[in-house]
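Listed here are the chains, written in short residue letters.
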Amino acid sequence: MDEWGQIRGVNLGGLLDARDGVFPGWPLLPEHLDLIAGAGFDTVRLPVRWWGHEPGALDETARSVVDLAVERDLSVVLSMHHADGLMTGEPGAAQRLIQLWERISQEYAGVPHLAFDLLNEPRDALTPGEWNQLLPQALAAVRAQDATRTVIVGGARMNSVEGLLELVVPEDPHLVLSVHYYEPFAFTHQGAFWEKGADAWVGTRWPGEPGHAARLAVTQDLTRAAERARELGHRLVVGEFGAYERAPQADRVAWAGWVRAECERLGLGWIFWDFTTDFGVFDREAGAWREDLRSALLPQEGVRSGL
Ligand code: BGC
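For the structure given in this document, a descriptive report is provided here. (Residues numbered from 1 in each chain as written. Predicted model: local features only at pLDDT ≥ 70, side-chain atom pairs only at ≥ 80, totals over all residues. Heavy atoms only, no water.)

The number of helices and strands found in the chain is eleven helices and ten strands. The principal-axis extent of the C-alpha atoms belonging to the chain is close to 50 × 40 × 35 Å. Within the chain, the proportion of its 307 residues that are buried is 54%. Across the chain, the fraction of contacts at a sequence separation of at least 24, relative to all contacts at a separation of at least 6, is 75%. Put simply, the chain shows about 12,400 Å² of open surface, and 51% of that area lies on carbon and sulfur atoms. With 27 positive and 45 negative side-chain charges, the chain shows a separation of 3 Å between the mean positions of the two kinds. (Helix = DSSP H or I, 4+ residues; strand = E, 2+ residues; numbered from the N terminus. Buried < 20%, exposed > 50% of the residue type's maximum accessible area, 1.4 Å probe, protein only. Contact = heavy atoms within 4.5 Å. Areas by Shrake-Rupley, 256 points an atom, 1.4 Å probe, with all protein chains shown as cover. Lys, Arg positive; Asp, Glu negative; His and termini not counted. Charge placed at Lys NZ, Arg CZ, Asp CG, Glu CD.)

Packing of helix 4 (residues 93-107) against helix 5 (residues 128-143) leaves a shortest axis separation of 8 Å and a crossing angle of 25°. Overall, the two elements helix 4 and helix 5 adopt an arrangement that is roughly parallel. The hand of the helix 4/helix 5 crossing is right-handed. Residue-level inspection shows Ala94, Leu97, Ile98, Trp101, Glu102 and Ser105 of helix 4 in contact with helix 5, the latter providing Trp131, Leu134, Gln137, Ala138, Ala141 and Val142. Of the residues contributing to the contact of helix 4 with helix 5, the split by class is nine nonpolar, two polar and one charged. (Axes fitted to C-alpha atoms, helices over the stretch in contact; angles between N-to-C directions. Parallel < 35°, antiparallel > 145°, perpendicular 65-115°, else oblique. Left-handed = near helix turned anticlockwise from the far one by under 90°. Nonpolar A, V, L, I, M, F, W, Y, C, P; charged D, E, K, R; others polar.)

Further remarks concern the packing of aromatic side chains. Counting across every chain of the model gives 20 aromatic pairs. Ring geometry for Phe193 versus Trp194: centroids 5.0 Å apart, planes at 80°, classification edge-to-face. The class of Phe193 is exposed, set by a relative accessible area of 60%. Over the ring of Trp194 we find Arg19, and its NZ or CZ is 3.6 Å from the ring centre. Taking NZ or CZ as reference, Arg96 lies 5.4 Å from the ring centre of Trp51, over its face. (Phe/Tyr/Trp six-rings, centres within 6.5 Å; stacked < 30°, edge-to-face > 60°. Lys NZ or Arg CZ within 6 Å of the ring centre and 35° of its normal.)

Let us look at the site of the ligand. As a matter of local geometry, the ligand sits amid Arg19, His81, His82, Asn120, Glu121, Tyr182, His189, Trp194, Glu240, Trp273 and Phe279. His81 is positioned such that a nitrogen or oxygen atom in its side chain is 3.1 Å from an oxygen atom of the ligand. Between the ligand and His189 there is a distance of 2.6 Å, counted from an oxygen atom to a side-chain nitrogen or oxygen. Contact with the protein chains removes 91% of the 310 Å² of surface that the ligand exposes when unbound. Within the shell around the ligand, the residues separate by chemical class into four nonpolar, four polar and three charged. (Near = heavy atom within 4 Å. Polar contact = N/O pair within 3.5 Å; in protein donor to acceptor, adjacent residues only side chain to side chain.)

Before going further, it helps to spend a moment on the pairing of strand 3 (residues 75-80). Most of strand 3 sits out of view: six of its six residues are buried. Side-chain alternation along strand 3 places Ser75, Val77 and Ser79 on one buried face and Val76, Leu78 and Met80 on a second face that is also buried. Bridge count for strand 2 (residues 43-48) against strand 3 is six bridges, and the pairing is parallel. In the sheet register, Val44 faces strand 3, and the bridge partner there is Val76. For the crossover that starts at strand 2, traverses helix 2 (residues 57-71) and ends in the parallel strand 3, the hand is right-handed. By the bridge criterion, four bridges tie strand 3 to strand 4 (residues 114-117) in an arrangement that is parallel. Its bridge partner being in strand 4, Val76 is matched across the sheet by Leu114. (Pairing = 2+ DSSP bridges. Right-handed = clockwise from strand over helix to strand, strands pointing away.)

As structure tokens, then:
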């Protein structure tokens, strides 16, 4: 479907995928979705930590977010986040992923403007070879319930561009490819408490003036990914990109604006990471957009004011 290759979205990070596993990570208000739609975003990606959760409260919350978003004409990407057992090579983990997608596909059968992101950032024990074997099985679990649902897939190595180049893509007309883009990592993740060694990166700048090699590197990375997607005959989205709050603010804004602009030039959809955690474009305490970031992402849009 063409439209997924043109999306302009934001990740509802930290809501149902909080790093500490507490849900919801922050209170989503219907007004937040009004603001997202009013600012000109057309899509939200909802990362969900289904792994380790029995069917119940988490599913109900996820469903209510999807319904609220769809009511506002926002497309939704539901993402399988933090499937830890797969990354540590836990016995039975592959079967668990397949069963989860059977269950989720049944639940959402018939819901329009909804895509499934099969697995966030495969890595560690889930090598490119292992992921290439598991992917068609997870996809088949969706297809058994839903022949035409858009399914988003990225490569191993954390959905990186390199991972996309190694991905074996099953024959399926309703696939959309994805990469996550956080390069240079020492810039976007400086000071991130969950990344080993990240304190040493604090102060890393992103010298993004026109013609600078830093800008060119982004262009080259995204061009490689776009070319691979074209060869494979699928649309590509950059399903996550963003910089942590400890990066210099002016550089975060310049970087985000450049990645966004290059996505649009290359015909790639994009979904910013994220709405309102420590990467966020929206300041929940102030009840207002971080205007510099918002306008780097959506320069032409009129925007409804804060809460
Ligand atoms: C993770 C988040 C993290 C983000 C940026 C996401 O895939 O789920 O916890 O903040 O990537 O590193």
